[in-house]
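Each chain, letter by letter, is given below.
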Amino acid sequence: MQWINQKAKDLSQGAIRAMFDRANAMGADDIISMGIGEPDMATPRLVCEAAGQALDMGLTHYTPNAGTMRFRQAVAEQSYLRGLHYDPASEIIATNGGMGALSLLFLVLLDPGDEVLIQDPQWLNYAAQITYCGGVPVRVPTDAAHRFQMQRADIEARITPRTKAILLNSPNNPTGSVMTRAELEQIASLAQAHDLFVISDEVYNTLVYDGAQCPTIASLPGMKERTAVINSFSKAYAMTGWRIGFLAGPAEIVSRMTLCQENFNSCANAPGQYAASVALAHPELCAELRDVFAARRTALLEGLSAIGQLRFTRPDGAFYVFADIRATGLDSVQFCVRLLEEEHVVCIPGSAFGSCGEGFIRIAYTCGEDKLRAATARMKRFCARLAQDVSPVI
Ligand SMILES: Cc1ncc(COP(=O)(O)O)c(C=O)c1O
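Student: Describe the overall build of the protein, naming the residues involved and giving the relevant values.
Tutor: Along the backbone of the protein there are 14 helices and twelve strands. What you see for the protein is a C-alpha radius of gyration of 21 Å, in line with the 21 Å of a compact globule of 394 residues. Considered along the principal axes of its C-alpha atoms, the protein spans approximately 65 × 55 × 55 Å. Put simply, the protein has 394 residues, and 48% of those count as buried. Considering only residue pairs separated by 6 or more positions, the protein has 75% of its internal contacts joining residues 24 or more positions apart.

Student: Outline the site of the ligand, listing residues and values.
Tutor: Around the ligand, 13 residues are found, and the nearest of them are Gly97, Gly98, Met99, Ser232 and Ser234. The biggest single contributor to the shell around the ligand is helix α6 (residues 97-109), with three residues.

Student: How would you summarise the domain arrangement of the protein if you had to cite specific residues and measurements?
Tutor: Domain annotation for the protein reports domain 1 (6-42 + 284-386) and domain 2 (45-282). Computed over C-alpha atoms only, the centres of domain 1 and domain 2 are separated by 25 Å. With 35 residues of domain 1 at the contact, the number on the domain 2 side is 37 residues. Among the secondary structure elements, those contributing two or more residues to the side of domain 1 that touches domain 2 are α12 (283-305) and β9 (320-324). Top element by residues in the side of domain 1 that touches domain 2 is α12. It accounts for eight residues.

Student: An account of unusual backbone geometry is needed here, citing residue identities and associated values.
Tutor: Cis geometry is adopted by the peptide bond preceding Pro121, which originates at Asp120 and carries an omega value of 5 degrees. Turning to its location among the elements, Pro121 is positioned in the loop between β3 (115-120) and α7 (125-132). That bond from Ser170 to Pro171 is cis: its omega, -5 degrees, falls within 30 degrees of zero. Here Ser266, not a glycine, exhibits a phi torsion of approximately 70 degrees, which is positive. Within the secondary structure, Ser266 is located in the loop between α10 (251-264) and α11 (270-280). Classification of Ser266 as exposed rests on a count of 12 C-beta atoms within 10 Å.

Student: Go over α6, please, and point to the residues and values.
Tutor: With 13 residues, α6 extends 19 Å between its outermost C-alpha atoms, agreeing within 8% with the 18 Å of an ideal straight helix rising 1.5 Å per residue. Counting buried positions over the 13 residues of α6 gives ten, a clear majority of the element. For α6, the set of buried residues is Gly97, Gly98, Gly100, Ala101, Leu102, Ser103, Leu104, Leu105, Phe106 and Leu109.

Conventions we followed
Residues numbered from 1 in each chain as written. Predicted model: local features only at pLDDT ≥ 70, side-chain atom pairs only at ≥ 80, totals over all residues. Helix = DSSP H or I, 4+ residues; strand = E, 2+ residues; numbered from the N terminus. Rg over C-alpha atoms; globule rule 2.2 N^0.38 Å. Buried ≥ 20, exposed ≤ 12 C-beta atoms within 10 Å, placed from the backbone. Contact = placed C-beta atoms within 7 Å. Near = placed C-beta within 6 Å. Domains from an automatic or database assignment. Expected span 1.5 Å × (residues − 1).

See below:
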């Protein structure tokens, strides 16, 4: 259509949604989805009640563009940011989920042609947002041997005079890998040496297992002033549909984002901000959710271990396993499409997350343990059939 601009015409549906469409089109009622990247459980009762109270109190109007002071104070005081002394009045903004924070940030950060370093494989939406905002996503290859962490030489080889920022996502979607303090220190020293801004997407930081630590890079010396911390309530409190998130970062950036928000969205939803500020006073809710995912992770890893042909490293965080399917002889799209068609199990092809994801599939443990066991049993049957190269009986 002649009225649509080229940028919009260049947008395409991501491979994750495409897998869902394919699964829905099958119309089968026994499909087990390990494709979706959101907690399947209900938002905690207490948070829902807080939203109800907000409605009763009449908190149904626009809030300040940066969010209510109550929300921003609660963010500044939550345990993992408290020591960093963010000023709620100038260094924190409430956004429409983590994605809202990312898009406002790219809008204020990027001039046409500015480059942002992103690891490969990585959650799809960063590159799309950066491109839409005129920037250039530059992929840094990673591999399983290095836990899918970007290596210094690979980053440095891609730094140009146009490189403006480096984007980190730990715990990571799709790999579940969590950056160690030493890995963060290496990125911090690189950022300082090359005067790069750091975007740290920490939306999975409450979901870490076996005592793993997930420090924010903003807490390293000299980093707070060159880092935007992005987080949201979607994964931590099972609140994906509430669209509440935030960014904590340098005041000048936050104030420009606030102007953008004024012009694009006005504000994040008012009762949601209230409920989220109540949620922040109850970190035990995140711990409860984490424990559910920890048990699922155990069930999934046991099931995957029994398959034999799939290899994987034990992920420390998020709710994903990035499994190596190369021994099956299929590429990741072939594997996922056939697994769906023959066994009614949804996983996401690793190639959806970048070329370095080829040979892998993302398995989300966002369904209950019984389903995970049933799904891995089906995967085992599927892989056994592949090994024998026998056509399925349909
Ligand atoms: C790495 C990562 N960042 C951000 C988001 C977006 O989260 P939100 O629902 O807060 O916008 C997602 C959602 O899947 C994600 O995986």
